[in-house]
Structure formats: structure tokens, C-alpha cells
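# Notes for the structure review
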Amino acid sequence: QVQLVESGGGLVQIGGSLRLSCAASGSIFSINAMGWYRQAPGKQRELVARITSGGSTNYADSVKGRFTISRNNANNTVYLQMNSLEPEDTAVYYCNADVRITRSWVYQNYWGQGTQVTVSS
């Protein structure tokens, strides 16, 4: 009923930048928080950044000052601007959102399929 589609991943050199996008579509009534998580090989999935519908944000300590999360509520899209990328940022990045679908009174959590980000020297 709800699809989250990420785009913008790829291969980038150390110190480079990438911008990830995630568009939510389907039977959406409203979206509360949206966010980005990542999972590196052999590691657990971790929060990168999250933004509420009102624009409040929180970031993992490892990305503060380098990454910026933003959203466009009109088109149900969340972005992640990633600057000064480091090899440790290499991971699959997943979009996440708390969505209230039409004819429902509750919010459910949805995940995108993930997009690979690789930072190389």
C-alpha cells in the first residue's frame, strides 16, 4: 500500500558528496517522521538521521556536521545531503517512514529497498 523508493546512491571518492532521495507513494494520508538508516557489511543497521513532520532533526554523532536531512511534505520526499564522505560511510542506505494510510487511524513503519553508497580512495 506504501512504497518508499530511494535514489542517488553510487560510488564516490573520499571527501566527495552525494544526495540521496526517497519518495513515498501509495495510499498515504499523512507521514510523521522520515529518516535514513544504513547497514555496512557485518554490522547492524543504524540510524543516520531522522526528521519529523515539523522539521525537527536528529543525527548520528558520526555524521553530524557532514550530513543534512530535509524533506518536502508536499511530495512526500526526504533527502539526505552527504558531504565530506569517508570510507566508513560505505553502506546500504535505507529510507524509513511512519505512514498513516487512508482509512486507517494508526501509523505504520515502512522501509525502502536500500541504495548502495560506496566511498573509495
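All residue numbers refer to position in the chain's written sequence, counted from 1. The predicted origin of the model limits local features to residues at a pLDDT of at least 70 and limits the giving and counting of side-chain atom pairs to 80 or more, whereas totals for whole chains, interfaces and linings rest on all residues. Neither water nor hydrogens contribute to the side-chain values; these are computed over all heavy atoms in the structure.

The way it works is that DSSP assigns letters per residue, a run of H or I at least four long becomes a helix, a run of E at least two long becomes a strand, and they are numbered from the N terminus. Relative to the helices and strands, Asn96 is located in strand 9 (residues 91-101). On the accessibility criterion, Asn96 (2% relative accessible area) is buried. Here a polar contact is recorded for every N or O atom pair within 3.5 Å, except that within protein the pair must consist of a potential hydrogen donor and a potential acceptor, and residues adjacent in sequence are included only if both atoms are side-chain atoms. There is a polar contact of 3.1 Å between the side chain of Asn96 and the side chain of Arg50. Among the polar contacts listed, one links the side chain of Asn96 to the backbone oxygen of Tyr110, at a separation of 3.2 Å. Contacts between residues were defined by any pair of non-hydrogen atoms, one from each residue, lying within 4.5 Å. The residues contacting Asn96, other than those within four sequence positions of it, are Leu4, Ala33, Met34, Gly35, Tyr37, Arg50, Asn109, Tyr110 and Trp111. Think of it in three bands: residues with accessible area under 20% of the maximum for their type are buried, residues over 50% are exposed, and the middle band is partly exposed, with areas taken using a 1.4 Å probe on protein chains only.

Working definition: a disulfide is two cysteine sulfur atoms within 2.5 Å of each other. For the coordinates displayed, the defined rule picks out one disulfide. Residue pairing for Cys22: its cysteine sulfur links by disulfide to Cys95, the two sulfurs lying 2.1 Å apart. Between Cys22 and Cys95, the disulfide has an S-S torsion of -80° and is therefore left-handed. Linking Cys22 in strand 3 (residues 18-26) with Cys95 in strand 9, this pair joins segments that are 73 residues apart in sequence. Classification of Cys22 by relative accessible area gives buried; the value is 0%.

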